[in-house]
Amino acid sequence: MSKKIAVLTSGGDAPGMNACVRAVVRSGIKSGCDMFVVYDGYKGLVEGKIEQVDRNFVSDIINRGGTILRSARLPAFKEDAIQEMAIKQLHDFGIDSLIVIGGDGTYRGARELAHKGINTVGVPGTIDNDIASTEYTIGFDTCCNTICECVDKLRDTTTSHQRCTFIEVMGNKCGDLALYSGIAEGAEMIITPDDPISDENVFAKLKSLKGGKKKHSLVIVSEKVYPNIFEFVKKVTEQTGIETRAEILGHLQRGGSPTSKDRIEATRFGIEAVKAILDGESSICLGLKNGKIVRYKIDDALQMQRKANHELLDAIKLVNR
Ligand code: ATP
């Protein structure tokens, strides 16, 4: 009997999720499996929004941002009774295996389903790059590029008016989006949770820039560093005498056509997820380690602590702060 595998996307959407769904569906079909998709993440799973698909279903999506399977958050999925509803739906469709594309929360849901007899594989999909068990998450590269496009535009007006602009970017509690986009933009300062800086040192640094030839500056800040970035830049203006503005890039960071890197990594992950199921794995997630795809038990992966890239943080201080 052929294996019946379903795929869903969950948590925050990320560019490249579609490329991963495509790889899962196509490699599954090619390996002789019946392939299903679930709409709206775990919510749709509980509601039975499931359909069998053929290879044409995933045509022309490799270049599309967002997720054609849509995403949703269902906090109640932590409850046993709700998980049982999902299991029943999977049984009704004869599905034995589930591939989930999302973040840590999505992995936790997959682990619960595995405890209840469904083979599950988690694939890292989030713009934040905040999953400890992988050095790369699908969507991160596209998001960095999107941030750079926006900051390039902000740079024009910042230099014309000789201002300072603080740009708040996403990342949840992970500083990678700020760090990588800050490097790519040559930002005067990069402020992340991984490398805190006191308010006094921020003021001093900006004043020293103003004292020199540099009359404008770009500062990239991770979200959640300052409770209210607009209040903070008022303080910067007061303390430094430099006209300072703040921009929060917000959800536009999640959108856009995936870069070639994200399409390629997503495709690799999708193929490997199906392979893992066919190898009989369950309750595992995939990660990238030194560029190679590795498998971890979800329990082990969720115990891992994310390590900030201190080597890069320190190195970049020779050029930026
Ligand atoms: P992102 O990093 O983009 O936020 P995520 O996968 O971490 O992605 P969450 O909202 O944390 O996003 O989780 C996605 C979904 O996974 C939740 O809406 C919920 O349905 C399910 N989930 C999260 N935590 C658990 C848990 N402890 N047990 C069962 N299901 C969970």
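Residues numbered from 1 in each chain as written. Predicted model: local features only at pLDDT ≥ 70, side-chain atom pairs only at ≥ 80, totals over all residues. Heavy atoms only, no water.

(A) Region of interest: the overall build of the protein chain. Tallying secondary structure elements over the protein chain gives eleven helices and eleven strands in all. If one aligns the C-alpha atoms of the protein chain with their principal axes, the spans along those axes are about 75 × 35 × 35 Å. The buried share of the protein chain, taken over its 321 residues, is 54%. In the protein chain, the proportion of contacts linking residues at least 24 apart, taken out of those at least 6 apart, comes to 74%. Summing over all exposed atoms, the protein chain offers an accessible surface of approximately 14000 Å²; the carbon and sulfur share of this is 49%. Within the protein chain, the 43 negative side-chain charges are centred at a point lying 3 Å from the centre of the 43 positive side-chain charges. (Helix = DSSP H or I, 4+ residues; strand = E, 2+ residues; numbered from the N terminus. Buried < 20%, exposed > 50% of the residue type's maximum accessible area, 1.4 Å probe, protein only. Contact = heavy atoms within 4.5 Å. Areas by Shrake-Rupley, 256 points an atom, 1.4 Å probe, with all protein chains shown as cover. Lys, Arg positive; Asp, Glu negative; His and termini not counted. Charge placed at Lys NZ, Arg CZ, Asp CG, Glu CD.)

(B) Quick peek at the environment of Val 37. Counting through the fold element by element, Val 37 comes out in strand E2 (residues 34-38). For Val 37, a relative accessible area of 0% translates into the label buried. Between the alpha carbons of Val 37 and Val 7 there is a distance of 5.0 Å; along the sequence they are 30 residues apart.

(C) Looking closely at the site of the ligand. The full set close to the ligand counts 15 residues, and Gly 12, Arg 73, Leu 74, Gly 103 and Thr 106 are the nearest of them. For the ligand, an oxygen atom lies 3.4 Å from a polar atom in the backbone of Asp 104. One nitrogen or oxygen atom from the side chain of Thr 106 is found 2.4 Å from an oxygen atom belonging to the ligand. In isolation the ligand exposes 620 Å². Once the protein is present, 81% of that is buried. Of all the cavities here, the one that holds the ligand is the largest pocket. (Near = heavy atom within 4 Å. Polar contact = N/O pair within 3.5 Å; in protein donor to acceptor, adjacent residues only side chain to side chain. 1 Å grid on protein atoms, 1.4 Å probe; cavity = no way out; pocket = protein on both sides within 12 Å on 5 of 7 lines; lining within 4 Å. Sits in = over half its atoms within 2 Å of the grid points.)

(D) Region of the structure containing unusual backbone geometry. With phi around 60°, Asp 60 is a residue other than glycine that occupies positive phi space. Position of Asp 60 among the secondary structure elements: in the loop between strand E3 (50-52) and helix H3 (80-92). Phi angles above zero are rare outside glycine, and Gln 162 is one such case at about 50°.

(E) Here's a closer look at the layout of surface pockets. A volume near 910 Å³ is recorded for the largest pocket. Lining of the largest pocket is provided by 34 residues; of these, Arg 73, Gly 103, Asp 104, Gly 105 and Thr 106 occupy positions nearest its centre. Of the residues contributing to the lining of the largest pocket, the split by class is eight nonpolar, 13 polar and 13 charged. The calculated volume of the second largest pocket comes to roughly 460 Å³. Contributing to the lining of the second largest pocket are 20 residues, with Ala 132, Thr 134, Glu 135, Arg 306 and Lys 307 lying nearest its centre. (Points joined across faces, edges and corners; volume = space filled by probe spheres on them. Nonpolar A, V, L, I, M, F, W, Y, C, P; charged D, E, K, R; others polar.)

(F) Structural view of the sheet that holds strand E10 (residues 284-289). The strand order across the open sheet formed by seven strands is E3-E2-E1-E4-E5-E10-E11, and the pairing between neighbours is mixed. Of all strands in the sheet, those bounded by a partner on one side alone are E3 and strand E11 (292-297). Between one strand axis and the next, the sheet turns through 25° on average, direction left out of account. (Pairing = 2+ DSSP bridges. Axes fitted to C-alpha atoms, helices over the stretch in contact; angles between N-to-C directions.)

(G) Region of the structure containing empty space enclosed by the protein. Scanning all chains against the criterion turns up one cavity of 30 Å³ or more. Its volume calculated, the largest cavity comes out at about 40 Å³. The wall of the largest cavity is formed by Arg 163, Cys 164, Leu 206, Leu 209, Lys 210, Lys 214, Lys 215, His 216, Ser 217 and Ile 242. When residues in the lining of the largest cavity are grouped by element, the largest group, three residues, is from helix H7 (residues 199-211). Along the lines of polarity and charge, the residues of the lining of the largest cavity split into four nonpolar, two polar and four charged.

Interpretation note: all reported values are geometric properties and have no functional meaning in isolation.
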